[in-house]
Amino acid sequence: MVDANVSTSAETAEQLLEELLSATHEASPTELPLALDRYTEAMGMGRTVIYLIDLQQRMLMPLDEDEPRMGLDDTLAGFAYRTDSVRIEEAGAGRLTIWLPLMNGAERLGVLKLRPASLDGVMLARCRMLASLLALVITSKRTYIDTVAQYTRTRTMKLPTEMLRAFLPPRSIGTGRVVSTAVVEPAYELGGDAFDHSFTEDVLHATILDAMGHDLASGLTTSVAMAGSRNARRTGADLEALVTTVDEALAKWLPDQFCTGVFLRLHMPSGVLRWANCGHPTPLVIRHRRLLDKELERTAEPPLGLPAWLSDAPRRVHETALEPGDRVLLYTDGVVESRDEEGEQFGLERFADHIIRSTAAGQNAPEVLRLLIHAILDLRHRELSDDATILMIEWHPPGP
């Protein structure tokens, strides 16, 4: 027999949640925190503060101007973000502070701060549910509410970068079988680098692009290439036809521009990987904590937009099979060619070593790339001479 008080409490909680859901549909950026506070106070969760990660993933930015920014490496809030885990600390006067990661699938948005009057299994479950709900709300509203972008930027963005970033998908996507995650720098002065990833049924599609130059024309080149790729993908084109579509789009609309790129498709149940490399650095494979730098190396192809000038041969598509736990790395040359003050390149070995060490330390895939891009930036005192983009795919098929 269910206790009456428990039943009433559950019924009230359901009603309050329904009211919150209704409020989020119509709330403006100013009204949303007020609606959220009404809900959490009524639920005994205390005052709520949402922290969003900044564009370069160094700081947690509060949506409440009365709250301070928080670093990722020296705070419990940062630990919750980095490890995708719930953290609890004493807040004085017998109260607790709970830090919950805000995640939409594999994408890390920030953290949620709650201070419940008491904590048990039911309350913790409701806190988790609220964090999941808010992650979905933030993801849906950021496409048309610039307040989110304003809070996650620490300085002014260049116009070519603004245009190119409008095309970029979320940093991370994932399913139970695969995670695809990416980082792009310089965050506010990006020129011609871009990435793309998406799912269709049981296939992961991933792309990396690098246009020559570092101006509005290079960003436009990458944007046209990405639009051509998505257009072909969404009409069901195979990989060879997709690359041909991109070639033709660049040749027609930007005949004086070209870019390099890699387009790949991973069949998630089987691990079969198909890819086309158009004048781009060879993707890397890390298997059993070892770098297989030649695993995906094939005969060189011309950059996108140039085949009609250089060759009449059709684009070649290659195929291989991954092993469980494999990590595939796509990157632009700005990653390995970045130099320190003595002129030494970051290099392929150091690049792979960072991935292997972070993986061995138990870091999740998005955190591995965050640490790696910061290592590259710190080598150059946070000033890059070229764009640096990395996309990593981690394949983990379900067990038998």
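Bear in mind that the values here come from a model prediction, so they are computed numbers and not experimental data. (Residues numbered from 1 in each chain as written. Predicted model: local features only at pLDDT ≥ 70, side-chain atom pairs only at ≥ 80, totals over all residues. Heavy atoms only, no water.)

Draft legend 1. How the structure looks around the nonpolar core. Counting 44 residues, the largest nonpolar core has F263, L264, L266, L273, L304, V328 and I393 as its most contacted members. Setting aside chain neighbours within four positions, we find L266 in contact with V178, D202, V203, L204, G271, V272, L273, L322, I393 and W395. Grouped together as the second largest cluster of nonpolar side chains are 27 residues, I98, L112, M123 and L130 included. (Core = buried A, V, L, I, M, F, W, Y, C linked by side-chain atoms within 4.5 Å. Buried < 20%, exposed > 50% of the residue type's maximum accessible area, 1.4 Å probe, protein only. Contact = heavy atoms within 4.5 Å.)

Draft legend 2. Up close: the sheet that holds strand β10 (residues 203-211). In space, the five strands of this open sheet follow the order β9-β10-β11-β12-β15, with antiparallel pairing throughout. Of all strands in the sheet, those with a lone pairing partner are β9 (193-200) and β15 (318-321), marking the two edges. The mean angle between the axes of side-by-side strands here comes to 15°, regardless of whether they run parallel or antiparallel. With seven bridges connecting them, strand β11 (residues 259-267) and strand β12 (residues 272-278) associate as antiparallel partners. Residue V262 lies in a different strand from β12, and its bridge partner there is N277. Seen against the sheet, helix α8 (residues 239-253) touches β11 and β12 and runs at an angle of roughly 155° to β11. (Pairing = 2+ DSSP bridges. Helix = DSSP H or I, 4+ residues; strand = E, 2+ residues; numbered from the N terminus. Axes fitted to C-alpha atoms, helices over the stretch in contact; angles between N-to-C directions.)

Draft legend 3. Representation of the pairing of strand β5 (residues 95-104). As paired elements, strand β4 (residues 87-92) and β5 share five bridges and run antiparallel to each other. Note on β5: the bridge partner recorded for E89 is T97. Two successive antiparallel strands, β4 and β5, enclose a turn made up of two residues, where A93 displays a positive phi of approximately 55°. Bridging between β5 and strand β6 (residues 107-114) involves seven bridges; their strand directions are antiparallel. Bridging from a neighbouring strand, W99 pairs with K113 of β6. Taken together, β5 and the strand that follows it, β6, pair antiparallel across an intervening segment of two residues, in which G105 is found at a positive phi of about 70°.

Draft legend 4. Geometry of the domain arrangement of the protein. Domain annotation for the protein reports domain 1 (2-148) and domain 2 (157-393). The straight-line distance from the C-alpha centre of domain 1 to that of domain 2 is 34 Å. At the junction of the two partners, domain 1 supplies 16 residues and domain 2 supplies 20 residues. Interface area, domain 1 with domain 2, both sides summed: about 1500 Å², of which 44% is carbon and sulfur. Looking at the side of domain 1 facing domain 2, the largest losses of area belong to L55, Q56 and R58, adding up to 43% of the total buried there. Linking domain 1 with domain 2 are three salt bridges. For the salt bridge of R58 with D378, the shortest nitrogen-to-oxygen distance reads 3.5 Å. Viewed at the interface, domain 2 and domain 1 are joined by nine residue pairs in polar contact (both at pLDDT 80 or more). Elements that contribute at least two residues to the side of domain 1 that touches domain 2 include exactly α3 (76-83) and β6. Ranked by residues supplied to the side of domain 1 that touches domain 2, first place goes to α3 with three residues. The residue inventory of the side of domain 1 that touches domain 2, partitioned by class, reads five nonpolar, three polar and eight charged. (Domains from an automatic or database assignment. Buried area = accessible area lost by both parts, 1.4 Å probe. Salt bridge = Lys/Arg side-chain N within 4 Å of Asp/Glu carboxyl O. Polar contact = N/O pair within 3.5 Å; in protein donor to acceptor, adjacent residues only side chain to side chain. Nonpolar A, V, L, I, M, F, W, Y, C, P; charged D, E, K, R; others polar.)

Draft legend 5. Seen up close, the pattern of salt bridges. Per the stated rule, a full pass over the model turns up 22 salt bridges. Put simply, R108 and E367 hold a salt bridge, and the shortest N to O gap is 3.0 Å. On the criterion of sequence distance, the pair formed by R108 in strand β6 and E367 in helix α12 (residues 365-379) is long-range, its members being 259 residues apart. Residue classification places R108 among the buried positions, given a relative accessible area of 4%.

Draft legend 6. Looking closely at the sheet that holds strand β8 (residues 178-185). The sheet built from six strands is open, its strands ordered β7-β8-β17-β16-β13-β14 with antiparallel pairing. Of all strands in the sheet, those bounded by a partner on one side alone are β7 (172-174) and β14 (290-292). On average, each strand axis in the sheet is inclined to that of its neighbour by 20°, with strand direction left out of account. Lying on the sheet, helix α11 (residues 348-360) is in contact with β13 (284-287), β14, β16 (327-331) and β17 (388-395); it crosses β16 at an angle near 140°. Packing of α12 onto the sheet brings it into contact with β7, β8, β16 and β17, and relative to β8 it is tilted by some 20°.

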